[in-house]
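Descriptive analysis of the structure
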Amino acid sequence: MLKIENLQASIEGKQILKGINLEVKPGEVHAIMGPNGSGKSTLASVLAGREEYEVDGGTISYLDKDLLELAPEERAHAGIFLAFQYPVEIPGVSTTNFLKTAVNQVRAARGLKALDAVSFLKEMKEKMKLVDIDQALLSRALNEGFSGGEKKRNEIFQMAMLEPKLAILDETDSGLDIDALKIVADGVNKLKTADNATIVVTHYQRLLDYIVPDYVHVLYQGKIVKSGDKSLALELEDKGYDWIKEELAAV
Amino acid sequence: MSEVINIEESIISRFNSWIDQHYPSDSALKSLKKSAIDKFEELGLPSRKSEAYKYTPITKILEKNFDFQTSLSSPEWTKSECESNFYTETDANHLVFINGEFIEDYSKIVSASSDLTIRLLDDHAFTEIPELKENLGKVNGTSIDPFANLSLAFFNQGLYIKASRNSDNKNTYIYQFIDGTNFSPISFPRIFIKGDSGSRTRVYEKTYIKGEEKSLNISIVESVVDANAEVRFTKLQQYLTSTYSIEGIYAQQSKDSRFYTNTFSFKGAVIRNNVYINIDAENCEGHMNGLYQISGKTHVDNNTSVDHLKPHSYSNELYKGILDENAKGVFNGKIYVRPDAQKTNAFQSNNNILLSDTATINTKPQLEIWADDVQCSHGCTTGQLDKEAIFYLRSRGIEKTRAKALLLNAFANEALVELQNDLVKEEVEGIILNKLG
């Protein structure tokens, strides 16, 4: 589904990613872990098409397409979804209106006809249950004045509405209390199918107790320096990142 | 060789010949008009150093574009032509001005005269209605503004609207029809609105201009709002690139009253709006909202002030600007809270988005507070569209142009909160969207 080869990316002339290789197949959950500043969020941003980042080399193929050729909205149409680390507050646009526009633009791009108001509301009601989000919240301006937990739940709610093939969760757990974390993880798990894949970017192992990864990758200084199964995450939780740094220094 | 005369002299000489043609020597209005031109002569047009017109060199603009000596021929707007432009609300008053003069015959009045008095503001009205004599040309500082004095001197066939005690009135639409086909018209529409105690009045003004010639519109609305009454005045300024307009709204509020203005500016050559509210009583609410969404070379200058003289009143002002291409915006908002006006709540905000490198905005909030137990805030922001917000919307599958339009539309729509009329709201929303492309 996704194949990243030797990806190098920089921002404002500073190189952050220094040759990433990663392959994700349908049905898989990959966790990207790493210390602060290792390039985790950069990777997520490059996948979603954030324009501030310059791709200096390497390729990303997604469903046999050159992902780097696509505008952010085209990536969304093709089924990529980024749950933001810091969801943006947008005054004056209600979540409902925004989502209706988004859902219908995505549907149009996929050759489906627009949802009418009734089916849209029905769809919304179903998906709201998934993340236990309140209707009142959705009629308010998008993320404006939302708590951290509400914003993250809203991200997963949007994900549920847009039904992505590849979801990238960027630090979705940072700043969440355990209850909110459980709700968010529960939502993600319910959305999981054999056809879609998830990349979980996180600093903390805790999230991986609830969203169990098939693969764990450690990103350090712009490269994936270690890959393993979920036990790697536990090891990291136990020993921190220093042993990896030492291991690398020893090579 | 003819002597070069300055614009003030030209205006005054024009007045001197005009007044005798239009008003007999025993006219009561004539003496008021003569004193207005004297006052104008004394004040003069704003000089280059005028702080109030710092970013809008109005005198130079007038000198360059208008000749006050030109004699005007008759405008051509037929009754049916006017009617075809009325809003579709039938159970409402539709009042027609042509080149600044109220044309009763073209107007459609449905309100019972026991609720709403709508009549020509002429010599008869001025003689018969004591409050006109008492207030015309005097409401909240109109007498110290050169353009308000010009308006008072030159207006002909003005409009007087009075809401009777406790009347809840039907919507009133005022249409300014301007004909600049064969000559360059200078119009002086004058409107006086009185809300008697406990009444409610809602007025919406819109302008239609035809012809290629430059037009100048000097418009003054005076409003006296009695105890517990409410007056709302909304203006839609969708002019031509040959339109120059200087417009004033002057309100005087009594206790427990509410006054609202909405000013939506979309197009024109130069538009200057003066909105001044005087709250000389307790428990009043004054609202001033505005949107200027402009492009090309349109220049819009909003000069506003609210003066709190008594305690326990509230004022709120929100102006939003979206400026593209070479558009120029100016905002000046004054809030005065006088020593007696304790427990005043006064809020002001002006937010701007510049869509091009060549659009400009000069914004200046001014608070002068003498009372010590008040809540006041003001703020102005100027920026571009939030890139992160655009990316957020795009990452959800919304195309870039649509994402921008969505954000700008949301930004602009905040200025519509106090617009209660669905027809006008729909129209304004339509213009906003249309301008966003």
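Right above here is the structure, for reference.
Residues numbered from 1 in each chain as written. Chains lettered and ligands numbered in written order. Predicted model: local features only at pLDDT ≥ 70, side-chain atom pairs only at ≥ 80, totals over all residues.

A word on the sheet that holds strand S12 (residues 258-267) of chain B
Residue and element names in this part refer to chain B. An order of S2-S1-S5-S8-S10-S12-S14-S16-S18-S20 is seen for the 10 strands of this open sheet, with the pairing classed as mixed. Strands with a single pairing partner mark the edges of an open sheet, and in this sheet they are strand S2 (101-102) and strand S20 (375-383). Sheet analysis places strand S8 (residues 200-210) next to strand S10 (residues 230-238), joined by 7 bridges and oriented parallel. When the sheet's bridge partners are listed, Val 203 is paired in S10 with Phe 233. (Pairing = 2+ DSSP bridges. Helix = DSSP H or I, 4+ residues; strand = E, 2+ residues; numbered from the N terminus.)

Some remarks on the packing of helix H8 (residues 387-394) of chain B against helix H9 (residues 400-413) of chain B
Residue and element names in this part refer to chain B. The geometry of H8 relative to H9 is characterised by a closest axis approach of 9 Å and an angle of 125° between their N-to-C directions. In terms of orientation, H8 and H9 fall into the oblique class. In this structure, the crossing between H8 and H9 has a hand that is right-handed. Touching Ala 389, Ile 390, Leu 393 and Arg 394 of H8 are Lys 400, Ala 403, Lys 404, Leu 406 and Leu 407, all from H9. When grouped by side-chain class, the residues that make up the contact of H8 with H9 number 6 nonpolar, no polar and 3 charged. (Axes fitted to C-alpha atoms, helices over the stretch in contact; angles between N-to-C directions. Parallel < 35°, antiparallel > 145°, perpendicular 65-115°, else oblique. Left-handed = near helix turned anticlockwise from the far one by under 90°. Contact = placed C-beta atoms within 7 Å. Nonpolar A, V, L, I, M, F, W, Y, C, P; charged D, E, K, R; others polar.)

Details of the pairing of strand S2 (residues 14-24) of chain A
Residues and elements named next belong to chain A. With 8 bridges connecting them, strand S1 (residues 2-11) and S2 associate as antiparallel partners. Considered in S2, the bridge of Ser 10 is made with Gln 15. Between S1 and S2, which pair antiparallel and follow one another directly, the connecting turn spans 2 residues, one of which, Glu 12, has a positive phi of 45°.

Some words on unusual backbone geometry
Residues and elements named next belong to chain A. Of note in this structure, Glu 163 is not a glycine but carries a positive phi near 45°. Along the chain, Glu 163 falls in the loop between helix H6 (148-162) and strand S9 (166-170). For Glu 163, a count of 17 C-beta atoms within 10 Å gives the class partly exposed. In this structure, Glu 171 is a non-glycine residue whose phi angle is positive, near 50°. Here Glu 171 is to be found in the loop between S9 and helix H7 (178-191). (Buried ≥ 20, exposed ≤ 12 C-beta atoms within 10 Å, placed from the backbone.)

Considering the packing of H6 of chain A against H7 of chain A
Residues and elements named next belong to chain A. Taken N-terminus to C-terminus, the directions of H6 and H7 make an angle of 5°; their axes are 10 Å apart at the nearest point. Considering the angle they form, H6 stands roughly parallel to H7. The segment H6 lies against H7, with Gly 149, Lys 152, Arg 153, Ile 156, Met 159 and Ala 160 engaging Ala 180, Ile 183, Val 184, Gly 187, Val 188 and Leu 191. Counted by class, the contact of H6 with H7 contains 8 nonpolar, 2 polar and 2 charged residues.

Comments concerning the interface of chain A and chain B
Contact residues are listed per partner, giving 20 residues for chain A and 17 residues for chain B. Contributing elements (two or more residues each) for the side of chain A that touches chain B: helix H2 (72-77), strand S7 (90-94), helix H3 (95-109) and H6 of chain A. Tallying contributions element by element places H3 of chain A first for the side of chain A that touches chain B, with 5 residues. Looking at side-chain class alone, the side of chain A that touches chain B contains 13 nonpolar, 5 polar and 2 charged residues.

Observations concerning the environment of Tyr 204 of chain A
Following the sequence through the fold, Tyr 204 of chain A ends up in the loop between strand S10 (197-202) and strand S11 (215-220). With 16 C-beta atoms counted inside 10 Å, the residue Tyr 204 of chain A sits in the partly exposed group.

Digging into the nonpolar core
Counting 179 residues, the largest nonpolar core has Phe 81, Ala 83 and Ile 168 of chain A as its most contacted members. In this view, Ile 168 of chain A contacts Ala 44, Leu 47, Ala 48, Phe 81, Leu 82, Ala 83, Ile 199 and Val 201 of chain A; residues no more than four positions away in its chain are not counted. (Core = buried A, V, L, I, M, F, W, Y, C linked by C-beta atoms within 7 Å.)

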